[in-house]
Amino acid sequence: MPRYHQLKEILRERIRSGEWKPGDLIPSERELSETYRISRMTARQAITDLVNEGVFYREQGRGTFVSRNKITQQLIKLTGFTEDISARGQHPSTQVLSAEMLPADEFTAERLRITPGELIFCLQRLRLADGEPLAIEFSHLSFKGCERLLQENLEQQSLYGVLESKFGLPLMEAEQELEAGLAGAEEAALLKIAPGASVLFTRRTTYTDRNQPIEYAKSVYCGAKYIFYTHLKREQLFSS
Ligand code: 16G
């Protein structure tokens, strides 16, 4: 395991154990490099990664702190809810609202590149972190044998985990859209927010190998609890 990776795990553990609380200032790169006998470059890389993952945040001239209640979903690597929440040292949980085989409507069929009316696995879940509702996710899955998902306990297992380890379907990439919106009465009740509070609607199509769409998910995230983070690089137009 690379050293910066090991350091990331050590730092995460300090949050998980409760030693570091949201808002706490973490030691500087220099202090970390001395404590763990690593280079400052390695310490910097670990901290930057954890900032990108939303575990820490930086304040100009003040230092790096443990993130508060907002969850940052990074839009760089393809990760699932369980991974995102666990990476922050929080406890993810799920309530399955419905799980059934239903005929695909035209729009979903187009996303999943199947014929409208084909039976797909439809899963509606409430996602929580440390018992607090964060998102409602409505996943539509289509692959050979997807009805076997009906037998899986998706309150105790991660969907991405089941797809990859039990069904042998690697998740390779995804396209995602975000749209601002307001919570309707039903969403607000599930998310324990006021009707009309701000939410983020996301739509994600996830692909397995050979560019085959496997999941089309529509989600509603609590606007006040989420930050979506991405890292942009300017394209090098001219070579110097
Ligand atoms: C994310 C995905 C969702 C996927 C879930 C898997 C978005 C918008 N959605 O929440 O499509 O089903 O992760 O999480 O990010 P799981 O592996 O914990 O079940």
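Rules behind the numbers
Starting afresh in each chain, residues are numbered from 1 along the sequence in its written order. Since the coordinates come from a predicted model, pLDDT governs what is reported: local features require at least 70, and pairs of side-chain atoms require 80 or more to be given and counted, while whole-chain, interface and lining totals use all residues. Excluding hydrogens and water, the side-chain figures rest on all heavy atoms present in the structure. The term salt bridge refers to a pairing of a side-chain nitrogen on Lys or Arg with a carboxyl oxygen on Asp or Glu at a separation within 4 Å. Here the term buried applies to any residue with accessible area under 20% of the maximum for its type, exposed to any over 50%, and partly exposed to those in between, with areas from a 1.4 Å probe on protein chains only. Throughout this document, a residue counts as near a molecule or strand when at least one of its heavy atoms sits within 4 Å of that molecule or strand. Side-chain atoms alone can form a polar contact between residues adjacent in sequence; in general such a contact is a pair of N or O atoms within 3.5 Å, and within protein one must be able to donate a hydrogen while the other accepts it. Surface accessibility in these figures is a Shrake-Rupley result with a 1.4 Å probe; residues are shielded only by whichever protein chains are displayed. For cavity detection a 1 Å grid was placed over the protein atoms alone, and a set of points counts as a cavity when a 1.4 Å probe fits there but cannot get out; an open set counts as a pocket when protein lies on both sides within 12 Å along at least five of seven lines, with lining residues being those that have an atom within 4 Å of a point. Throughout, a molecule is located in a cavity or pocket provided that more than half of its atoms lie within 2 Å of its grid points. Put simply, DSSP H or I for four residues or longer makes a helix, DSSP E for two residues or longer makes a strand, and each gets a number counted from the N terminus. Residue type decides the class: Asp, Glu, Lys and Arg count as charged, Ala, Val, Leu, Ile, Met, Phe, Trp, Tyr, Cys and Pro as nonpolar, and the leftover types, Gly among them, as polar. Grid points are joined across faces, edges and corners, and a volume is the space filled by probe spheres set on the points.

(A) Structural detail: the pattern of salt bridges. Tallied over the entire structure, the rule returns 11 salt bridges. In this structure, the salt-bridge partner of Glu19 is Arg14, at a minimum N-O distance of 3.1 Å. Using a relative accessible area of 47% as the deciding quantity, one classes Glu19 as partly exposed. A cluster of three or more residues bridged by salt bridges with shared partners is formed by Arg125, Arg127 and Glu137.

(B) Region of the structure containing the site of the ligand. The environment of the ligand is formed by 18 residues, the closest being Thr82, Glu137, Ser158, Leu159 and Glu215. One nitrogen or oxygen atom from the main chain of Leu159 is found 2.7 Å from an oxygen atom belonging to the ligand. With respect to the ligand, the side chain of Tyr221 contributes an N or O atom lying 3.3 Å from an oxygen atom. Coverage of the ligand by the protein amounts to 100% of the 460 Å² it exposes when considered alone. Judged by its atoms lying within 2 Å of the grid points, the ligand is housed in the largest cavity. Elements supplying a minimum of two residues to the shell around the ligand: helix H4 (81-87), strand E5 (119-129), strand E6 (132-141), helix H6 (159-166), strand E8 (198-208) and strand E9 (212-222). Among the elements that line the shell around the ligand, the one with the most residues is E9, at four residues. Each residue belonging to the shell around the ligand can be placed in one class, and the counts come to five nonpolar, eight polar and five charged.

(C) Focus on the environment of Val199. With respect to the element layout, Val199 can be found in strand E8. Owing to a relative accessible area of 2%, Val199 belongs among the buried residues under this scheme. Considered as a pair, Val199 and Gly23 are 176 residues apart in the sequence and their alpha carbons are 24 Å apart.

(D) Fine view of empty space enclosed by the protein. Tallied over the full model, the rule gives one cavity of 30 Å³ or more. Taken as a whole, the largest cavity holds about 240 Å³ of empty space. Along its surface, the largest cavity is lined by 20 residues, and Gly80, Phe81, Glu137, Tyr160 and Arg204 are the ones closest to its centre. Contributions of two or more residues to the lining of the largest cavity are made by H4, E5, E6, H6, E8 and E9. In terms of residues, the lining of the largest cavity owes the most to one element, E9, which gives four residues. Counted by class, the lining of the largest cavity contains five nonpolar, nine polar and six charged residues.

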